[in-house]
Amino acid sequence: MAVPMDQRDGWIWFDGELKPWREAKIHVLTHGLHYASAVFEGQRAYGGEVFKLREHTNRLIESGKTLDFTIPYSADEIDAACRQVLASNNLVDAYMRPIAWRGSEELSVPARNNTVHLAIAAWVWPSYFSVEEKLKGIRLQWSKWKRPSPETIPCKAKAAGLYMICTLSKDAAMAEGYADALMLDYRGYVAEATGANVFFVKGDEVHTPTPDCFLNGITRQTLVGLAKENGYRVVERHIRPEELADFEECFLTGTAAEVTPVSQVGDFRFTPGKACQTLIEAYSAAVTPQQVAAE
Ligand code: PMP
């Protein structure tokens, strides 16, 4: 078992200052804990630089606005704080988690009088799935939970409340020996995994669900570009689950998952091949900071 998250050493940026890791605490009567009034980011640093930092920071700020709160720091300040967290913890390759939440001034449903807080932590997290799993492709089970409609929940925000069904789905899949779960949306179309987007490959075509009720991941957007650069025709459309029989390859994308080949979704089988390999390599090159030529 890894060292528990609250018993590590290092520094966590907390409301404008660096705090010793174990002292970065909040009160039990915090609005964010009781009512999920919290938004967060997952971002990775490679070679000392956070990949697409400004996109993540902007999404964090937008997610806050969607939940009707303003994070009390500018994008420049948040970016600088993220860099400070990396430097103070001597991290070069790391996973980073900024989170903003409503505080503990009042505790009932309304939250307009609650202050907004921001904390940023980073730690070493090599790969969401083990390397061994990655190479042979991971197995996914179907989730019994559906991604809700945009009229039901603010589905574009990376908000804590949207993860309740992700945790339920992933735990249920893992209890059956699968690595993750694939979720359909409220209409029955293929949506996404519990913390990653999904792509399917047929010949030189790459198909991925239209992100109209789930997160249009930053990695997903990167992969759409990389697939085109590598000669694939990218088709964003609604995909019905029975159509999975037509595809040869399948992979997940996400900041934590990066590009993870899939070998099975329920009864459908895929063989990770040339497309997975090409796009894993392309993504790996894209996230690696360009070396400044030595004089
Ligand atoms: N969907 C969900 C539910 C996620 O949690 C994530 C990870 N943030 C993604 C998709 C992928 O998003 P990104 O590529 O921006 O990490």
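Only a predicted model underlies this, so the values are computations on that prediction, with no experimental measurement involved.

1. Topic: empty space enclosed by the protein
Link 1 in the chain: One pass over the structure, following the stated rule, counts 1 cavity of 30 Å³ or more.
Link 2 in the chain: What the largest cavity holds in volume is close to 50 Å³.
Link 3 in the chain: In this structure, the largest cavity is lined by Arg44, Tyr46, Phe51, His56, Ile218, Thr219, Thr255 and Tyr283.
Link 4 in the chain: Secondary structure elements with two or more residues in the lining of the largest cavity: strand 4 (43–46) and helix 6 (218–229).
Link 5 in the chain: For the lining of the largest cavity, the class distribution of residues is 4 nonpolar, 3 polar and 1 charged.
Link 6 in the chain: Residue assignment places the lining of the largest cavity across two domains, with domain 1 (9–123) and domain 2 (131–287) each supplying three or more.

2. Notes on unusual backbone geometry
Link 1 in the chain: Although it is not a glycine, lysine 52 sits at a positive phi angle of roughly 55°.
Link 2 in the chain: Looking at where lysine 52 falls in the secondary structure, it is placed in the loop between strand 5 (49–50) and helix 2 (53–66).
Link 3 in the chain: Overall, lysine 52 belongs to the partly exposed group, its relative accessible area being 28%.
Link 4 in the chain: Backbone geometry places asparagine 90, a non-glycine residue, at a positive phi of 55°.
Link 5 in the chain: The residue asparagine 90 is located in the loop between helix 3 (75–88) and strand 6 (94–102) in this model.
Link 6 in the chain: Under the relative-accessibility criterion, asparagine 90 is labelled exposed at 69%.

3. Here we look at the packing of helix 6 against helix 7 (residues 274–287)
Link 1 in the chain: Contact pair helix 6 / helix 7: the axes reach a minimum separation of 10 Å and the direction vectors enclose 115°. By the criterion of interaxial angle, the relationship of helix 6 to helix 7 is roughly perpendicular. With respect to the hand of their crossing, helix 6 and helix 7 are arranged in right-handed fashion. For the pair formed by helix 6 and helix 7, the contact residues are Thr219, Thr222, Leu223, Leu226 and Ala227 on the first element and Leu279, Ala282, Tyr283 and Ala286 on the second.
Link 2 in the chain: Residue classes in the contact of helix 6 with helix 7 are distributed as 7 nonpolar, 2 polar and no charged.

What counts and how
- Residues numbered from 1 in each chain as written.
- Predicted model: local features only at pLDDT ≥ 70, side-chain atom pairs only at ≥ 80, totals over all residues.
- Heavy atoms only, no water.
- 1 Å grid on protein atoms, 1.4 Å probe; cavity = no way out; pocket = protein on both sides within 12 Å on 5 of 7 lines; lining within 4 Å.
- Points joined across faces, edges and corners; volume = space filled by probe spheres on them.
- Helix = DSSP H or I, 4+ residues; strand = E, 2+ residues; numbered from the N terminus.
- Nonpolar A, V, L, I, M, F, W, Y, C, P; charged D, E, K, R; others polar.
- Domains from an automatic or database assignment.
- Buried < 20%, exposed > 50% of the residue type's maximum accessible area, 1.4 Å probe, protein only.
- Axes fitted to C-alpha atoms, helices over the stretch in contact; angles between N-to-C directions.
- Parallel < 35°, antiparallel > 145°, perpendicular 65-115°, else oblique.
- Left-handed = near helix turned anticlockwise from the far one by under 90°.
- Contact = heavy atoms within 4.5 Å.

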